[in-house]
Amino acid sequence: PDLLAVMVHAALACTMALASGALGVLASRRVQRLQLSRQLNGNDKWMSRQERNLASALIGAGNARIFRGWPKPGTNDAAKRAVLTAASHQMSTTVPSAVELDRLRALDPPVAAKKPYRMEAHGDVRDDPFYWLRDDQRKNSEVLAHLAAETAYSKAVMADTEALQAELYAEMRARIQEADQSVPVRLDGYFYYTCTLEGAQYKVHCRRPLPANAGKPTETETMDDSLPEEVLLDENVRKLQGGFTFYMVSGVEMSPDHKLMAWAEDTTGNERFTLRVKDLATGKEVMEPIPGTDGDTVWAADNKTLFYTTKDEQERPYKVWRHILGTKEHTVVFEEKDDAFFVGIDKSRSEKLIFIGCGSAITSEFRFIHADQPMSEFAVVLPRVNDVQYDVCHRGAYLFLTMRDKERPNSEVLAVKLADLKGDSDSMPPVKVLLPHDPAIKLEGISVSKDFLVVFKRVEGLQRARVHVLPVDGSLPSSLASDGEEIMFEEPAYTLGPGRQGDFDSCVVRLSYASLATPSSVIDFDMSTGKRAVKKVQPVLGGFKKEDYVTERQWATSHDGTKVPISIVYKKDLVKLDGSDNMLLYGYGSYEICIDPWFSLERLSLLNRGVIFAIGHIRGGGEMGRLWYENGKYLHKKNTFLDFIACAEHLIQKKYTSPEHLAIEGRSAGGLLIGATINMRPELFKVAIAGVPFVDVLTTMQDESIPLTVIEWEEWGNPANQEYYHYMKSYSPVDNVVAGARYPNLLVIGGLHDPRVAYWEPAKFVAQLRHKAKTANLLVMKMEMGAGHFSVTGRFERLKEIAHDYSFMLKALSLPEAPLASP
């Protein structure tokens, strides 16, 4: 019986083991089937066993991206089956382009719901079915769900570029000398500089003392690295300690005795900064943090009084406050009542005066106090006059002004005696003209030191600098019109401007220089000897040689005969110049902002792939003088778009590229440029990238509750005026989407917390395009849910964003026309 019992028990155990194994196999298969179903978003339900096995094999071969973003069963099922059929011919990790086209057609782009919303003005009625996408609080679940759907679709479209994005990112990062240091600035017995550390994304602010035997500054002076380094602020540590996803520093300012440091932090991307002050000896903060500032900070001469600015509900800096360390009082010393004016604060390079600057798009006014009299009342320099702008520098008994008005659009240099200023808003003091207006030369600004004055100007769009010696007795020169030494540069197109200057009594002026082929350079020019020294050239690792690249300047003829300059760069051995080369044309054209030829480490990844890069210096910018700007704003805004089109047509005519190889890009107001241009000439471009684009112009300009609207009226006009209303309506991209037009492949980028261009503007534009144009090319919106107008902040994270955008462009340039059309 015992033996029988053992045999029975063994048989039962064996049976149970077999059953358990079978159950295990069944369970494993069930898990695999569930995993496959998730990866296919439930689409395994309509597949045959053979199709499921094929899908599983493709995933196992590293092609899971084929199925990413597939809509649920019942949507585009035929296109999905076409993907499987095409993919069955190749089971490697590289999926042929034909499969990619089928994959794109299988995706289901988000389509925003249309909800009635009527707007009426001047007897004109507009329907805005996507007005509901606006949520000022950024909390509406339906809005957020739509933005999430757009993000998911964007990722699905770009799934096949992940390897390319990683490749581009690796290239860009490999060119960066990660452990680097800025050129030190000599100031009051210290050298101040910033460092970047290996693997770290943010700056470290540092200083070292000058040697005890330091002489006067020269162009060849260097910092003594043997002296102890003092770390003032490590942005990497601050970001890590706070656990912030976004981090930006503004207004790093030392007290006059260099014992205290003020700085401001934005940790959300909404450009509202928290002001902090710490004792550099102890590292401890000595002031209760002040939230909601604009980021500007100025110290009075007593080392304890701070001035700072705050914004109103419309994101307009409008109040200047005074705070004395050790007290709880915060006193408003100035409030700008006019909604069209911004307010800022600054200190003269001489450190003797503190300025409050008030400015709209066309008018400015300055007030001042002596830095050693922080409790005094700010006095007006020149009274506010509509359409008159001026800027202020100080030396001894005089203020030097750069002033523009209607009669002198390119500005002139004036001087006024401090003793002649009455300080009120009505009195105009006597002024002396030092450098009169020249219609052929635009004065961009001046830099004043103890013994020298440098004029920065533009001639035919190119920047120049001219040094003038000032009288040693502190008096005014008789004129700046004839004397002076020009600082010369040889490249056909470049960027030149003042760098960060050091001590007021220094004879050295620091210049910043770059071109499309020359890395950003810091040049010190000794104004007493005429000698110069290149203090630093931006390191570019990986074997970069500027001689391998060609920079050129072309002139396009616009619709009205105006000649428009174009800056061009390409790698000489990679282009054919027969119309078959890919090209990226960049533009902006607003606010008198000059888009000068700048060097880009990241752009090398395009140039090294045979892509030509160009900048259209179109009207609305300031490259060719003040009138260049004025002829591209208000009721002349369409000149901006037509100039850009003329640049594109010129480049095509000269065989730099062709419509099927041409990509365009612009950000912010440059995004308006892109939106308006593709509405006007959609067939002229293969790819368009619109970053944080200002595309809902008319609706935004009609709504005073939207931040910055009132201020912007002096750039675009006020649609309360019927003429401006109809003109804006005629070009506003959201209002001018062309039904049925075949738009270029389009990437639109927004930021959920953007205070300048609200996220709903790009969202509405994309929604309108999806409904109305029904383009068969790619239409993708990438919404940064944790950033603002300037996207991400870390230097490496920023590279990932650029790699993404470049990948979209390269992908779209390689696609056939209308890739989403039915085969």
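Description of the structure in this document.

## Describing the packing of aromatic side chains
Moving on, step 1. Going through the model one piece at a time under the given rule, you end up with 22 aromatic pairs.
Moving on, step 2. Ring centres 5.7 Å apart and planes at 85 degrees place the aromatic pair Trp598 and Phe613 in the edge-to-face group. Pair noted here: Trp598 is in the loop between strand S33 (583-586) and helix H8 (604-607) and Phe613 is in strand S34 (residues 612-616), with a separation of 15 residues, a long-range link.
Moving on, step 3. Assessed through its relative accessible area of 4%, Phe613 is described here as buried.
Moving on, step 4. Members of the aromatic cluster, joined through ring pairs, are Tyr202, Phe244 and Tyr247.
Moving on, step 5. Sitting above the plane of the Trp263 ring, Lys278 keeps its charged end 5.8 Å from the centroid.
Moving on, step 6. In this structure, Arg532 packs its charged tip against the face of Phe489, placed 5.1 Å from the ring centre.

## Here we look at the sheet that holds strand S18 (residues 379-380)
Consider a sheet: its strands pair through backbone hydrogen bonds, and that pairing is either parallel or antiparallel.
Moving on, step 1. Taken together, the 4 strands give an open sheet; going across it, the order is S15-S16-S17-S18, and neighbouring strands pair in antiparallel fashion. Strands at the two margins of the open sheet, each flanked by one partner only, are strand S15 (342-347) and S18.
Moving on, step 2. Across 6 bridges, S15 lies against strand S16 (residues 353-359) in antiparallel orientation. Paired with Asp346 across the strands is Phe355, a residue of S16.

## Thoughts on unusual backbone geometry
Moving on, step 1. Not every positive phi belongs to a glycine, and His122 is a case in point at roughly 55 degrees.
Moving on, step 2. Position of His122 relative to the elements: it lies in the loop between strand S1 (118-121) and strand S2 (124-127).
Moving on, step 3. The backbone of Glu315 sits at a positive phi, close to 65 degrees, despite the residue not being glycine.
Moving on, step 4. With respect to the helices and strands, Glu315 occurs in the loop between strand S12 (305-311) and strand S13 (317-324).

## What about helix H15 (residues 760-773)?
Moving on, step 1. Look at H15: 19 Å from first C-alpha to last across 14 residues, which is about the 20 Å you get at 1.5 Å a residue.
Moving on, step 2. In terms of burial, H15 is largely enclosed, as 12 of its 14 residues are buried.
Moving on, step 3. Of all the residues in H15, the buried ones are Trp760, Glu761, Pro762, Ala763, Lys764, Phe765, Val766, Ala767, Gln768, Leu769, Arg770 and Ala773.
Moving on, step 4. Where H15 is buried, its residues touch helix H5 (141-157), helix H11 (669-680), helix H12 (697-702), strand S37 (745-751) and strand S38 (779-784).

## Considerations on the pattern of salt bridges
Moving on, step 1. Enumeration according to the criterion identifies 63 salt bridges in this entry.
Moving on, step 2. Here Glu230 and Arg207 are joined by a salt bridge, their closest N and O atoms 2.8 Å apart. Here Glu230, found in strand S7 (residues 230-234), pairs with Arg207, found in strand S6 (residues 204-209); they are 23 residues apart in sequence, far enough to count as distant.
Moving on, step 3. Judged by relative accessible area, Arg207 falls into the buried class, the value being 4%.
Moving on, step 4. The salt bridge partner of Arg408 is Glu412, with a shortest N-O separation of 2.6 Å.
Moving on, step 5. Here the residues in one salt-bridge network are Glu100, Arg103, Asp160 and Lys811, joined through shared partners.

## Some remarks on the pairing of strand S28 (residues 508-514)
Moving on, step 1. Across the 7 residues that make up S28, a large majority, 6, are buried.
Moving on, step 2. Sheet topology places strand S27 (residues 495-498) next to S28; 4 bridges connect them, and they run antiparallel. Across the sheet, the residue bridging to Gly497 is Ser512, located in S28.
Moving on, step 3. Across 6 bridges, S28 lies against strand S29 (residues 521-526) in antiparallel orientation. Each residue of the ladder has a partner; that of Leu511, found in S29, is Ile523.
Moving on, step 4. Counted between consecutive antiparallel strands, the loop separating S28 from S29 contains 6 residues.

## So, the nonpolar core
Grouped burial of nonpolar side chains is what soluble globular proteins tend to show.
Moving on, step 1. Judged by nonpolar contacts, the single largest core of 152 residues is most densely connected at Phe67, Leu585 and Met809.
Moving on, step 2. Considering each element in turn, this core owes the most residues, 10 residues, to helix H16 (residues 795-814).
Moving on, step 3. Phe67 has contacts with Gln39, Leu40, Ala55, Leu58, Ile59 and Leu84, leaving out every residue within four places of it along the chain.
Moving on, step 4. With 18 residues, the next largest nonpolar core counts Phe456, Val509, Leu511 and Met527 among its residues.

## Here we look at the side chain of Arg105
Moving on, step 1. In this fold, Arg105 is placed in helix H4 (residues 97-106).
Moving on, step 2. Classification of Arg105 as buried rests on a relative accessible area of 19%.
Moving on, step 3. At 2.7 Å, the side chain of Arg105 and the backbone oxygen of Ala821 are in polar contact.

## A few points about the pairing of strand S14 (residues 330-335)
Moving on, step 1. With 5 bridges connecting them, S13 and S14 associate as antiparallel partners. What sits directly across from Trp321, in S14, is Val332.
Moving on, step 2. Between S13 and S14, which pair antiparallel in sequence order, lie 5 residues; one of them, Gly326, sits at a positive phi of approximately 90 degrees.

The rules we used
Residues numbered from 1 in each chain as written. Predicted model: local features only at pLDDT ≥ 70, side-chain atom pairs only at ≥ 80, totals over all residues. Heavy atoms only, no water. Phe/Tyr/Trp six-rings, centres within 6.5 Å; stacked < 30°, edge-to-face > 60°. Helix = DSSP H or I, 4+ residues; strand = E, 2+ residues; numbered from the N terminus. Buried < 20%, exposed > 50% of the residue type's maximum accessible area, 1.4 Å probe, protein only. Lys NZ or Arg CZ within 6 Å of the ring centre and 35° of its normal. Pairing = 2+ DSSP bridges. Expected span 1.5 Å × (residues − 1). Contact = heavy atoms within 4.5 Å. Salt bridge = Lys/Arg side-chain N within 4 Å of Asp/Glu carboxyl O. Core = buried A, V, L, I, M, F, W, Y, C linked by side-chain atoms within 4.5 Å. Polar contact = N/O pair within 3.5 Å; in protein donor to acceptor, adjacent residues only side chain to side chain.

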